[in-house]
Amino acid sequence: MNHSGWARVIALIFPYVIIVGLFQVGGAFVAGIPFGDNDFQANSLQELIMTFFSFLGTLLLVWIFMKYMDKQNFMDVGLQIKNRKNDIIIGTLLGLVIMGLAFVSLWAAEEIIYTDFNFDVLELIYTTLLFVFVAILEEVLFRGYILKNLMLSFNKYIALIISSALFAIAHGANPNISLFSLTGLFLAGIALGASYIYTKNLWYPIAFHFSWNLFQSLFGFNVSGQDIYSIIEFTVPENNMVNGGQFGFEGSIFSLIIEMILVALIIYYYQVKKPQPIRNENI
């Protein structure tokens, strides 16, 4: 076993808390968020500013580790974009289709009740940028650095399971969390990382992560328990595992089924239909 991979993942934890924590403090200051006021409700612009500072802190930390610990170029986390246009298109369309079908199906089944249409250009821009930053920072951290290094120490499937567990744990303090929704986040980590273990490239998971979050929000669902701007607004007559309740679609049994299907399709594609090895080059 190559011990350097998992050792670097463990070594990342303390600097992450310090560096990203300091950036978040800076973000709160710039956004005008008062310290120590737990009841304060940040607006969309303030949330965007905070996320942007977390984004900067995460990328800085990964860059430092890639340069001085891994002795590699930062882009080697999997950000080579040449010939990755289809990955971006497929990932983006997938999130749109899944969330569109989820809304229509649950509305038809009367699991959700439409209440309003709320189109706001500025809120749409803020929300889109927010999820761009979230998708990039989380994929670079959890797949591009953590999963990449765990694959040096473990079988790629074991590495995927460990990194997905860490991904779920990192969201463990989200509002409206439950053991069931935590399982959904774990499977989301598997679905996002499944292609990376074969391609070592992040553009499909970044696009899918962004699209999944954005359209989940725009179609009215909470995103991992958090209420963010929605174009379509609805109420949930009863919180249950069918509609996901206040956690959002990720807390639905249908989300778990979809994630498992996606994982199976990705593994089938790379293991059966396209079994040739894929090298980690500037592709």
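These numbers come from a predicted model, not from an experiment.

## Looking at the overall build of the protein
And step 1. Counting its secondary structure elements, the protein contains nine helices and two strands.
And step 2. Along its sequence from the N terminus, the protein presents helices and strands in the succession α-α-α-β-α-α-α-α-α-β-α.
And step 3. Counting only C-alpha atoms and orienting by the principal axes, one finds that the protein spans roughly 55 × 50 × 35 Å.
And step 4. Looking at the protein as a whole, 48% of its 283 residues qualify as buried.
And step 5. Here the contacts in the protein between residues at least 6 apart in sequence split such that 76% fall between residues at least 24 apart.
And step 6. Summing over all exposed atoms, the protein offers an accessible surface of approximately 14,000 Å²; the carbon and sulfur share of this is 67%.
And step 7. Computed over 13 positive and 19 negative side-chain charges, the inter-centroid distance for the protein is 26 Å.

## Quick word on the UniProt feature "transmembrane region" (unreviewed entry) in the protein
And step 1. Per the UniProt annotation, the sites labelled "transmembrane region" (unreviewed entry) are residues 12-36, 48-66, 87-109, 121-142, 154-173, 179-198, 210-232 and 252-270.
And step 2. Along residues 179-198 one finds 90% helix and 0% strand; the C-alpha atoms at either end are 29 Å apart.
And step 3. Strand forms 0% of residues 252-270 and helix 95%; the C-alpha atoms that close the span are 28 Å apart.

## Some words on the nonpolar core
And step 1. Val 62, Leu 79, Phe 221 and Phe 249 are the most contacted members of the largest nonpolar core, which totals 67 residues.
And step 2. Ranked by residues supplied to this core, first place goes to helix α4 (residues 121-153) with 15 residues.
And step 3. Filtering out sequence-adjacent residues up to four positions away, Val 62 remains in contact with Phe 74, Val 77, Val 140, Leu 141 and Tyr 145.
And step 4. By size, the runner-up hydrophobic cluster in this structure holds five residues, among which are Ala 28, Ala 31, Ile 33 and Ile 49.

## Points about the pairing of strand β2 (residues 232-235)
A regular strand places its side chains so that they alternate between the two faces of the sheet.
And step 1. Every second residue of β2 is oriented toward a common face, the buried set being Ile 232 and Phe 234 and the non-buried set Glu 233 and Thr 235.
And step 2. In this sheet, β2 lies alongside strand β1 (residues 113-117) in antiparallel orientation, the contact comprising four bridges. Pairing of Tyr 114 across the sheet is with Phe 234, part of β2.

## Overview of the side chain of Ser 217
And step 1. Structurally, the position occupied by Ser 217 is in helix α8 (residues 203-218).
And step 2. With relative accessibility at 0%, the residue Ser 217 sits in the buried group.
And step 3. Every residue in contact with Ser 217, bar those within four places of it in the chain, is listed here: Thr 127, Phe 131, Val 223, Ile 228, Tyr 229 and Ser 230.

## Points about the side chain of Ser 195
And step 1. Here Ser 195 is to be found in the loop between α6 (179-193) and α7 (196-199).
And step 2. If sequence neighbours within four positions are ignored, Ser 195 has contacts with Lys 200, Tyr 204, Pro 205, Ile 266 and Tyr 270.

## Here we look at the pattern of salt bridges
And step 1. This model, assessed by the stated rule, comprises four salt bridges.
And step 2. The closest approach of N and O atoms between Lys 148 and Asp 70, which form a salt bridge, is 3.5 Å. One end of the pair, Lys 148, is in helix α4; the other, Asp 70, is in the loop between α2 (44-68) and α3 (85-108), and 78 residues separate them in sequence.
And step 3. Asp 87 is paired through a salt bridge with Arg 84; the nearest N and O atoms lie 2.8 Å apart. With respect to burial, Asp 87 and Arg 84 carry one shared label: buried.

## A look at the packing of aromatic side chains
And step 1. The full count for this structure, using the stated rule, is 16 aromatic pairs.
And step 2. Judged by centre distance (5.9 Å) and plane angle (25°), the rings of Phe 103 and Phe 219 are stacked. Here Phe 219 lies in the loop between α8 and β2 and Phe 103 lies in helix α3, a separation of 116 residues in the sequence.
And step 3. Judged by relative accessible area, which is 11%, Phe 103 ranks as buried.
And step 4. Residue Phe 219 is classed as buried on the basis of its relative accessible area of 17%.
And step 5. These aromatic residues form a ring-pair network of at least three members: Phe 103, Tyr 204, Phe 208, Trp 212, Phe 219, Phe 221, Phe 234 and Phe 249.
And step 6. A cation over a ring is seen here: Lys 67 above Tyr 68, with NZ or CZ 5.6 Å from the ring centre.

Rules behind the numbers
Here, residues in each chain are numbered from 1, in the same order as that chain's written sequence. Reporting in this predicted model follows two pLDDT cut-offs: at least 70 for local features of residues, and 80 or more for side-chain atom pairs to be given and counted; totals over whole chains, interfaces and linings ignore these cut-offs and use all residues. Heavy atoms throughout the structure, all of them, feed into the side-chain values; hydrogens and water do not. Here a helix means four or more residues in a row that DSSP labels H or I, a strand means two or more in a row labelled E, and each is numbered from the N terminus. The cut-offs for exposure are 20% and 50% of the maximum accessible area for each residue type, with area from a 1.4 Å probe on protein chains only; residues under the lower value are buried, those over the upper are exposed, and the others partly exposed. By definition in these notes, contact holds between two residues if any of their heavy atoms fall within 4.5 Å. Every accessible area reported is derived by Shrake-Rupley at a probe size of 1.4 Å, with residue values counting cover from the shown protein chains alone. A positive count includes Lys and Arg, and a negative count includes Asp and Glu. His and the chain ends are not counted in either. In this description, the location of a charge corresponds to atom NZ of lysine, CZ of arginine, CG of aspartate or CD of glutamate. UniProt positions are given in the numbering used here, feature names are shortened, and annotations may be inferred rather than shown by experiment. Note on terminology: a nonpolar core comprises buried Ala, Val, Leu, Ile, Met, Phe, Trp, Tyr and Cys residues joined through side-chain atoms within 4.5 Å. A strand pair is defined by DSSP finding two or more bridges across the two strands. In the sections that follow, a salt bridge refers to a side-chain nitrogen of Lys or Arg positioned within 4 Å of a carboxyl oxygen of Asp or Glu. Note on ring pairs: Phe, Tyr and Trp rings are taken, using the six-membered ring of Trp, and paired if centres are within 6.5 Å. Classes follow the plane angle, with under 30 degrees stacked, over 60 edge-to-face and the rest tilted. Two conditions define a charge sitting above a ring: the NZ of Lys or the CZ of Arg must be within 6 Å of the ring centre, and it must be within 35 degrees of the ring normal.

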